[in-house]
Amino acid sequence: ERRDARGLRAVRWFRAAAEHGDAGGQLHLAMAYWLGQGVPHDPIEAYLWATLSAEQRHEGAIELQKAILKGMPPEQVSRTLRLAKAWKAKIKGLR
């Protein structure tokens, strides 16, 4: 239980950083979704946050993005890229 509480707390911090455009926070949030740590496994959310981080040239995000993409159907990829575009606009508005 203690480990789960720490995971949830970490995800909250990663999400806060990610939603403000921090590439590292975006990568950590992507990893959490990809591995199902502190949040349910969700390849769409993982690819979304990895994409936003990769667009800022974060090396780890680029590698994670490639790994996620391997098993993702094209319709999920296009849906995720639309979500990423919307998030990018939202983040830009916060700055």
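Conventions we followed
- Residues numbered from 1 in each chain as written.
- Predicted model: local features only at pLDDT ≥ 70, side-chain atom pairs only at ≥ 80, totals over all residues.
- Heavy atoms only, no water.
- Helix = DSSP H or I, 4+ residues; strand = E, 2+ residues; numbered from the N terminus.
- Contact = heavy atoms within 4.5 Å.
- Phe/Tyr/Trp six-rings, centres within 6.5 Å; stacked < 30°, edge-to-face > 60°.
- Buried < 20%, exposed > 50% of the residue type's maximum accessible area, 1.4 Å probe, protein only.
- Salt bridge = Lys/Arg side-chain N within 4 Å of Asp/Glu carboxyl O.
- Axes fitted to C-alpha atoms, helices over the stretch in contact; angles between N-to-C directions.
- Parallel < 35°, antiparallel > 145°, perpendicular 65-115°, else oblique.
- Left-handed = near helix turned anticlockwise from the far one by under 90°.
- Core = buried A, V, L, I, M, F, W, Y, C linked by side-chain atoms within 4.5 Å.

Draft legend 1. Seen up close, the side chain of Ser 53. Considering the arrangement of structural elements, one finds Ser 53 in helix H3 (residues 43-54). The residues touching Ser 53, leaving out its near neighbours within four places in the chain, are Ala 23, Gln 26, Leu 27, His 58 and Ala 61.

Draft legend 2. Summary view of the packing of aromatic side chains. Applying the stated rule across the entire model yields one aromatic pair. Aromatic pair Trp 49 and Trp 87: ring centres 5.0 Å apart, planes at 55 degrees, arrangement tilted. Residue Trp 49 is located in helix H3, and its partner Trp 87 is located in helix H5 (residues 74-94); the two are separated by 38 residues in the primary sequence. Classification of Trp 49 by relative accessible area gives buried; the value is 0%. Residue Trp 87 is classed as buried on the basis of its relative accessible area of 17%.

Draft legend 3. Examining the pattern of salt bridges more closely. Scanning the model with the defined rule gives three salt bridges in all. Among the ionic pairs, Arg 15 bridges to Glu 19, the shortest N-O distance being 3.8 Å. One end of the pair, Arg 15, and the other, Glu 19, are both in helix H1 (residues 2-19), four residues apart, so they sit about a helical turn from each other. For Arg 15, a relative accessible area of 24% gives the class partly exposed. Of the charged contacts in the structure, one is a salt bridge between Lys 66 and Glu 63, with a shortest N-O distance of 3.6 Å. Of the two residues, Lys 66 and Glu 63 are both situated in helix H4 (residues 59-70); the distance of three residues between them amounts to about one turn of the helix.

Draft legend 4. Spatial organisation of the packing of helix H2 (residues 23-35) against H4. Two elements in contact, H2 and H4, have axes separated by 10 Å at closest approach and are oriented at 30 degrees. Taken as axis vectors, H2 and H4 run roughly parallel relative to one another. Every pair of crossing elements has a handedness; the one defined by H2 and H4 is left-handed. Contacts between H2 and H4 involve Leu 27, Ala 30, Met 31 and Trp 34 from the first element and Gly 60, Ala 61, Leu 64, Ala 67 and Ile 68 from the second.

Draft legend 5. Representation of the nonpolar core within the structure. If you look at the biggest cluster of nonpolar residues, it comprises 24 residues, and the most contacted ones within it are Trp 49, Leu 52 and Ile 68. Those elements that place two or more of their residues in this core are H1, H2, H3, H4 and H5. The greatest single-element share of this core, amounting to eight residues, is contributed by H3. With residues near it in sequence (within four places) discarded, Trp 49 still touches Arg 15, Ala 18, Glu 19, Gln 26, Leu 29, Ala 30, Tyr 33 and Trp 87.

Draft legend 6. Here's a closer look at the environment of Ile 91. Tracing the sequence through the fold places Ile 91 in helix H5. For Ile 91, a relative accessible area of 7% translates into the label buried. In sequence terms Ile 91 and Asp 22 are 69 residues apart; their C-alpha atoms lie 9.6 Å from each other.

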